[in-house]
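So you can see what is in the structure, the chains are spelled out below.
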Amino acid sequence: MLGLMARSLVVKVTAGADAPERCAQAFTVAATAVAAGVDVSLWLTGESTWFALPGRAQEFELPHSAPLAELLHVILTSARVTACTQCAARRDIGPDDVLPGVRIAGAAAFVEEALAEGAQALVY
């Protein structure tokens, strides 16, 4: 029997309130993976970068979807959450503005995580 390789999941969400279903899908998949014990890294890019700020996830609503604030809380408790450097800069978001547990990092860090052995990257 072959040994199981440790797997990780890197989820990049590019949509925010501008494409709510795609946004909610990304957060739901990331939170579900966290609940299943998977090593998860959630990347907030484009319009989803706003959810790195306190209170923004509470403003998001989508019928028949788990509340985004609850999903983000689950993710922040056991996973890595990163806001894209350029996306944050375009929105005047700095390291002192984001929720505790959110870091700001760039493409090199994303590529490193996405190409790590056993990693699966999904982009929404």
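**So, the overall build of the protein**
A count of helical and extended segments in the protein gives 5 helices and 5 strands. Helices and strands appear in the protein in the N-to-C order β-α-β-α-α-β-α-β-α-β. The globule rule puts the C-alpha radius of gyration for 124 residues at 14 Å, and the 14 Å found for the protein is close to it. Taking the principal axes of the C-alpha coordinates as reference, the protein spans close to 50 × 35 × 25 Å. By sequence separation, contacts in the protein at least 24 residues apart represent 72% of the contacts at least 6 residues apart.

**Quick look at the sheet that holds strand S5 (residues 119-123)**
What the 5 strands build is an open sheet, ordered S4-S3-S2-S1-S5; its pairing is parallel. Two strands in the sheet have a free side with no partner beyond their single neighbour: strand S4 (102-105) and S5. If you compare each strand with its neighbour and ignore which way they point, the axes differ by 25 degrees on average. Inspection of the sheet shows strand S1 (residues 8-13) paired to S5 by 5 bridges, in the parallel sense. The residue of S5 that forms the bridge with Lys12 is Val123. Taken strand by strand, helix H1 (residues 20-35) contacts S1, strand S2 (39-44) and S5, and its axis lies near 160 degrees from that of S1.

Conventions adopted
- Residues numbered from 1 in each chain as written.
- Predicted model: local features only at pLDDT ≥ 70, side-chain atom pairs only at ≥ 80, totals over all residues.
- Heavy atoms only, no water.
- Helix = DSSP H or I, 4+ residues; strand = E, 2+ residues; numbered from the N terminus.
- Rg over C-alpha atoms; globule rule 2.2 N^0.38 Å.
- Contact = heavy atoms within 4.5 Å.
- Pairing = 2+ DSSP bridges.
- Axes fitted to C-alpha atoms, helices over the stretch in contact; angles between N-to-C directions.

By themselves, these observations are geometric and do not establish any function.
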